[in-house]
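Read off the chains here:
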Amino acid sequence: MKRRYYIIYILVVLTLAACSHRPTNVQQVDSLPAIYPDYVDVTIPDSIAPLNFSMAADEFSRMDVVVTGQKGGQLTANGEWAKFDVDQWHQLVHQNVGGNLKVTVAAQRRSDGQWLQYRDFDIHVSTDRLQAWGLTYRRVAPGYESYSHMGIYQRALGSFSEETIIDNTSVPGMCVNCHTSHQTNPQRFVFHVRGDHGATMVQLDGQRQWLQASNDQLGGSMVYPYWHPSGRYCAFSTNQTRQAFHVAKEERIEVFDLRSDVFVYNPTTRQIISDSLLSTPDWSENTPTFSPDGRTLYYLTCRQQEYPAHFKDEQYNLCRISFNPDDATFGQQVDTLFDAVSMGKSLTWPRPSYDGRFLLFTLSDYGYFSIWHEESEQWLLDLLTLEAHPLDLLNSPRADSYHNWSLDSRWVVFTSRRDDGLYSRLYLGHIDENGQPTKPFMLPQENPRQYYTTSLYSYNTPDFSLSPVSFDSYEAAREILSDERLSTQVNSDRAGNLK
């Protein structure tokens, strides 16, 4: 009996100790709290992990946060940062779909222990549910001439759980990039390997093809893939890429192509389907994508320049050509869909929404490697009216680049250097049926300030995933090291000549 009393006594003491940090003698502040990450007035899906945050300034030692649902429910967090219980967070958010979460923040100053309570702010819970299990992305350490630690990873959106799909610790010196799934479905998955054991990997329902890294007839590697909606084909470009370095501190690196072409690959027959209109001697064709109905191929085109002397004259337009999936043939005419060059700009990374209404792209001053361009910003093209406009609410003064759509065409994920100007982070945003965006939010982490201030990795090429990617990285590493590769055959049209 005495032991039970001791347990009760200990619980009471612990409860009182926990409560002792609740705000007392609170001073009201007529301003919004400066928090990290900035989640003030963002719009979220109901499936997202808790939006934990801290005060942006070091002058505060403790926080007390209350989240109240417009449709009911309440959640509290008290500690060095606002850390919410995952299950309670999901329960509250689900309860408030289509409503707002009112967030009340109080913070305690280190210097004098004074508690300050700020103006409430809202988090909006969208009725558009995010049709995705999680995200895939590449994470890479800074480096230019050698491949330091990098890999392709996947992350559940509803929690903080991250898994490695493949990284280069298993194959030293390997660079893995250009990973793409079939309309966010990882049953069909592709990525490219650079290095001594180069290859292009195509995984179809668990079966892997390791293709030769380059084809002599193509003149380069198979990169920047995009699946046909039927899953029968995958479009690629083949690029002879080079790097150059700036002497100005505001600019670091430039990436350009000595040449590039576009083609379509049939993984069943291992045939490369080329066309003289997509492989021209005086133009560079790049980064292809298919329309959602599978009957149009979008791609970039740029007049070939003398590199590196005229790298700033490398400016791309968005073009399209018809494609017949029944016999894998292209149309007779190429149309310019968006003339960025006439604006003195360059267009890159075209991504049509899966409902066929919009096309998201990045606009910068020149080139197509927009992740290194501070001025790069995201634009939206209405495929019904062919009118385009910048997505001001998604953009920032720093580089905003690689992006992809969710399958329901209401959410986008993209990279941005807005956080510190050095590392690219992942952000998610909502775009409604009229093409209007909301303020984006940084991918949540359990302790975001600690995570992002200590991480030495940049994110790029993110995409949504309907389910976890099933991939045997151990067997894949063994297969990469074996250098056993499948050959591809080039079938070209009309003139039948590749440059």
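Starting from 1, residues in each chain are numbered consecutively following that chain's sequence as written. Whole-chain, interface and lining totals are the exception, using all residues; otherwise, since this is a predicted model, local features are given only for residues with pLDDT of at least 70 and side-chain atom pairs are given and counted only at 80 or more. Each side-chain value is derived from all of the structure's non-hydrogen atoms; neither hydrogens nor water enter the calculation.

S.K.: Please set out the overall build of the chain residue by residue, giving values where relevant.
M.R.: A count of helical and extended segments in the chain gives 4 helices and 37 strands. In the chain, which comprises 499 residues, the proportion classed as buried is 54%. Residue contacts are defined here by distance: any two heavy atoms, one from each residue, within 4.5 Å place the two residues in contact. Excluding contacts between residues fewer than 6 apart, the proportion of contacts in the chain whose partners are at least 24 apart in sequence is 58%. Numbering of helices and strands starts at the N terminus; helices are DSSP runs of H or I of at least 4 residues and strands are runs of E of at least 2. Think of it in three bands: residues with accessible area under 20% of the maximum for their type are buried, residues over 50% are exposed, and the middle band is partly exposed, with areas taken using a 1.4 Å probe on protein chains only.

S.K.: Outline the side chain of serine 458, supporting the account with residue identities and numerical values.
M.R.: You can see serine 458 is positioned in strand S36 (residues 458-465). The definition of a polar contact used here is a pair of N or O atoms within 3.5 Å, where within protein one atom must be able to donate a hydrogen and the other to accept one, and adjacent residues in sequence count solely through side-chain atom pairs. For serine 458, the side chain forms a polar contact with the main-chain nitrogen of serine 424, separated by 3.2 Å. Every residue in contact with serine 458, bar those within four places of it in the chain, is listed here: Arg138, Arg139, Val140, Arg417, Leu422, Tyr423 and Ser424.

S.K.: Which residues make up the sheet that holds strand S34 (residues 425-430), and what values go with them?
M.R.: Strands are labelled as partners when DSSP assigns at least two bridges between them. Taken in spatial order, the 4 strands make up an open sheet running S32-S33-S34-S35, and their pairing is antiparallel. Unpaired on one side and paired on the other, strand S32 (400-405) and strand S35 (441-442) mark the two borders of the sheet. Taken together, the 6 bridges between strand S33 (residues 411-416) and S34 define a ladder with antiparallel strand orientation. Pairing of valine 412 across the sheet is with glycine 429, part of S34.

S.K.: Outline the pattern of salt bridges, supporting the account with residue identities and numerical values.
M.R.: Two side chains that carry opposite charge are able to pair once their charged atoms sit near each other. Throughout this description, the term salt bridge denotes a Lys or Arg side-chain nitrogen within 4 Å of a carboxyl oxygen of Asp or Glu. With the rule as written, the count across this model stands at 17 salt bridges. In this structure, arginine 449 engages aspartate 58 in a salt bridge whose closest nitrogen and oxygen atoms are separated by 2.3 Å. Within this pair, whereas arginine 449 is found in helix H3 (residues 448-454), its partner aspartate 58 is found in the loop between strand S4 (54-55) and strand S5 (60-69), the two being separated by 391 residues in sequence. Classification of arginine 449 as partly exposed rests on a relative accessible area of 24%. Judged by its relative accessible area of 54%, aspartate 58 is exposed.

S.K.: Account for the state of the cysteines, with residues named and values stated.
M.R.: A pair of sulfur atoms, both from cysteines and within 2.5 Å, is called a disulfide here. The full count for this structure, using the stated rule, is 0 disulfides. Of all cysteine sulfurs, the one in cysteine 175 lies closest to cysteine 178, which takes part in no disulfide; the gap is 8.2 Å. The exposure class of cysteine 178 is buried, given its relative accessible area of 14%.

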